[in-house]
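So you can see what is in the structure, the chains are spelled out below.
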Amino acid sequence: MKNCKRNILITGGAGFIGSHVVRLFVTRYPEYHIINLDKLTYAGNLANLKDIESALNYTFVKADICDFELLEELMKKYKIDGIIHLAAESHVDRSIKDPFTFAKTNVMGTLSLLQAARSYWEALPEKYEGKMFYHISTDEVYGALELNIPEGDSETNKCGGGPFGDRFFKETNSYNPHSPYSASKASSDHFVRSFHDTYGMPTIVTNCSNNYGPCQFPEKLIPLFINNIILRKPLPVYGKGENVRDWLYVVDHAKAIDIIFHKGKIAETYNIGGSNEWKNIDLIKVLIKVTDKLLGRTECEDLDLITYVTDRAGHDLRYAIDSTKLKTELGWEPSLQFEEGIEKTVRWYLDNQEWLDHVISGDYQKYYEQMYQGR
Ligand code: NAD
Ligand code: DAU
């Protein structure tokens, strides 16, 4: 479908991953009209998109994915033929405190969007021809893997890069979510697939591992800890810091989304991961080392900020993605080595202290509240 005009709705485009996806599509496909729909919750920040906000092929709409009538209007108004759905409540700790909001946004919001797309597309003469509903999901729906280092590899695998076990999440794994967040994402994935199976809607679902990079809200491990190291505040490590996550640079996720949106097979699932497993405690030590170096402090002088705290309830031990399908069928590869990606990330937060301060103080929200008052 490249080089023809398309009207693509990207939801959650003011958030962390969404802003990188919006930027990539706006700059790479000037022939497309990109409509970014975002409610601007605490996690949405239009400052993430300052550089492209006046592009001719870009429109921002402040809206809630739970507002079915408005979604129906927008589908018609912008003649949407492709949807990339990222809008969600995304933080596990918040889901433990407030599961209702997660069910509302992630389940009911996704269902509203599916129904609005269905009602618009089914009324067109060509119906679902040339349409796409692409749902962005998470590896957390698969549950947790064990930590068991394969025989003979124990020495090389003690630090980062992994693997830390002989099992990986494959597209064929059954779902086994543990947190209210992952349960809500699992439910939304099921709804998306049901719309393909029941109504014939062209859908794709992808399940990605942990992202890191610029513009991530500083409640998540990496930006929270970078900020705390800068300010010399304690670094709250859950449990013993033994949990393992598979980290992927956010721009590589955005590039995977681009490839899958254009070349992915309808009704398929693709797993996306960095093949880059780190125990939290090892990752945190790397973060301290890199941040101290870039701040001109003595290397690792902030190790004593590490503070072990009560573990997260239901804390999944290990996530690790097998991306073989995406690599072999669609030719995707992550472009950035972890060492390079993490240094780039720390440097971005140091160079964008104002962004960090605004997000932490909530000032950016007051600004948008005024701007959108009464709309
Ligand atoms: P984020 O929390 O940074 O951004 C979410 C965005 O959605 C925000 O801009 C927010 O304003 C918007 N939003 C929330 N509720 C909304 C609503 N009701 N209506 C409209 N907009 C709403 O999240 P993220 O980390 O960028 O994640 C984006 C998507 O990718 C999510 O679906 C998440 O489950 C998935 N994902 C994230 C990761 C990760 O590591 N961050 C990994 C895999 C999958
Ligand atoms: O795996 C993909 C998922 O990755 C996404 O679907 C989620 O949206 C995203 O938030 C992320 O979930 P995690 O729970 O893995 O990310 P988080 O940054 O919250 O935590 C990473 C690890 O660090 C996890 O094992 C918990 C731990 N942690 C986290 C925080 C915030 C700490 O030890 N201390 C902390 O303060």
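Being a predicted model, the structure only gives us computed values, none of them experimental.

**Student:** Help me out: how do you make sense of the site of ligand 2 in this one?
**Tutor:** Around ligand 2, a shell composed of 24 residues is seen, among which Thr138, Asp139, Tyr181, Arg312 and His315 lie nearest. The backbone of Tyr238 places a nitrogen or oxygen atom 2.9 Å from an oxygen atom of ligand 2. Within the complex, 94% of the 690 Å² of free accessible area of ligand 2 lies under protein. For the shell around ligand 2, the secondary-structure elements that each account for two or more residues are helix H6 (221-231) and strand E8 (235-238).

**Student:** Got a minute to help me understand unusual backbone geometry in this structure?
**Tutor:** Both trends apply: most residues other than glycine have a negative phi, and most peptide bonds are in trans. The linkage connecting Gly162 with the following residue, Pro163, adopts the cis geometry, with an omega of 0°. Locating Pro163 in the fold gives a position in the loop between strand E5 (132-138) and helix H5 (180-199). The backbone of Arg232 shows a phi angle near 55°, a positive value even though the residue is not glycine. Among the secondary structure elements, Arg232 is positioned in the loop between H6 and E8. Under the relative-accessibility criterion, Arg232 is labelled partly exposed at 41%. Phi at Ser275 takes a positive value of approximately 45°, unusual for a residue other than glycine. Of note, Ser275 is situated in the loop between strand E10 (269-272) and strand E11 (277-279).

**Student:** In this structure, what is going on with the environment of Asn106? I would like to understand it.
**Tutor:** Tracing the backbone shows Asn106 in helix H4 (residues 99-122). Separated by 79 residues in the primary sequence, Asn106 and Lys185 place their C-alpha atoms 6.2 Å from one another. Look past the residues within four positions of Asn106 in its chain and what remains in contact with it is Ala88, Glu89, Tyr181, Ser184, Lys185 and Ser188.

**Student:** What am I meant to see in the packing of helix H1 (residues 16-28) against helix H7 (residues 250-263) here?
**Tutor:** The packing of two helices is summarised by the inter-axis angle and the distance between the axes. Running from N to C, H1 and H7 cross one another at 55°; their axes reach a closest spacing of 9 Å. In terms of axis orientation, H1 runs oblique to H7. The hand of the H1/H7 crossing is right-handed. Here Phe16, Ile17, His20, Val21, Leu24, Phe25 and Arg28 of H1 lie close against H7, whose contacting residues are Val250, Val251, His253, Ala254, Lys255, Ile257, Asp258, Phe261 and His262. Considering only residue class, the contact of H1 with H7 consists of ten nonpolar, three polar and three charged.

**Student:** Which parts of the structure should I look at to understand empty space enclosed by the protein?
**Tutor:** In this approach the atoms are scanned with a rolling probe the size of a water molecule, which exposes any empty space left behind. Taken as a whole and assessed by the stated rule, the structure comprises two cavities of 30 Å³ or more. Taken as a whole, the largest cavity spans an internal volume of roughly 50 Å³. Lining the largest cavity are Val92, Ile96, Glu140, Ser179, Arg245, Arg312, Ala313, Gly314, His315, Asp316 and Tyr319. Grouping the amino acids of the lining of the largest cavity by side-chain chemistry returns four nonpolar, three polar and four charged. Looking at the second largest cavity, its volume works out to about 40 Å³. Along the walls of the second largest cavity sit Tyr42, Ala43, Asn45, Asn48, Cys215, Phe217, Trp355, Val359 and Tyr364, which together make up its complete lining. Looking at the lining of the second largest cavity residue by residue, the classes come out as seven nonpolar, two polar and no charged.

**Student:** Before we go on, may I ask you to explain the sheet that holds strand E4 (residues 82-85) in this structure?
**Tutor:** The strands making up a sheet are joined through hydrogen bonds of the backbone, oriented either antiparallel or parallel. Overall, parallel pairing links the seven strands, which are arranged E3-E2-E1-E4-E5-E6-E10 in an open sheet. Each of the sheet's edge strands pairs with one partner strand only, and the pair in question is strand E3 (58-62) and E10. Pairs of neighbouring strands in the sheet enclose a mean axial angle of 20°, with direction left out of account. The pairing of strand E1 (residues 6-11) with E4 spans four bridges and is parallel. In the sheet register, Ile10 faces E4, and the bridge partner there is Ile84.

**Student:** Looking at this model, I keep getting lost on the sheet that holds E11. Mind explaining?
**Tutor:** Read across the open sheet, the three strands follow the order E7-E9-E11; overall the sheet is mixed. On the outer flanks of this sheet lie strand E7 (210-212) and E11, each paired with one strand and no other. Strand-to-strand twist across the sheet, computed as the mean angle between neighbouring axes with direction ignored, equals 50°. Both strand E9 (residues 244-249) and E11 contribute to a ladder of three bridges, which runs antiparallel. Residue Arg245 lies in a different strand from E11, and its bridge partner there is Trp278.

**Student:** How should I be thinking about the layout of surface pockets in this particular structure?
**Tutor:** Its boundaries defined by the atoms lining it, the second largest pocket holds a volume of some 310 Å³. Here the lining of the second largest pocket gets four residues from one element, more than from any other, and that element is helix H12 (residues 363-371). Class assignment of the residues belonging to the lining of the second largest pocket gives a composition of six nonpolar, four polar and three charged.

Conventions adopted
- Residues numbered from 1 in each chain as written.
- Chains lettered and ligands numbered in written order.
- Predicted model: local features only at pLDDT ≥ 70, side-chain atom pairs only at ≥ 80, totals over all residues.
- Heavy atoms only, no water.
- Near = heavy atom within 4 Å.
- Polar contact = N/O pair within 3.5 Å; in protein donor to acceptor, adjacent residues only side chain to side chain.
- Areas by Shrake-Rupley, 256 points an atom, 1.4 Å probe, with all protein chains shown as cover.
- Helix = DSSP H or I, 4+ residues; strand = E, 2+ residues; numbered from the N terminus.
- Buried < 20%, exposed > 50% of the residue type's maximum accessible area, 1.4 Å probe, protein only.
- Contact = heavy atoms within 4.5 Å.
- Axes fitted to C-alpha atoms, helices over the stretch in contact; angles between N-to-C directions.
- Parallel < 35°, antiparallel > 145°, perpendicular 65-115°, else oblique.
- Left-handed = near helix turned anticlockwise from the far one by under 90°.
- Nonpolar A, V, L, I, M, F, W, Y, C, P; charged D, E, K, R; others polar.
- 1 Å grid on protein atoms, 1.4 Å probe; cavity = no way out; pocket = protein on both sides within 12 Å on 5 of 7 lines; lining within 4 Å.
- Points joined across faces, edges and corners; volume = space filled by probe spheres on them.
- Pairing = 2+ DSSP bridges.

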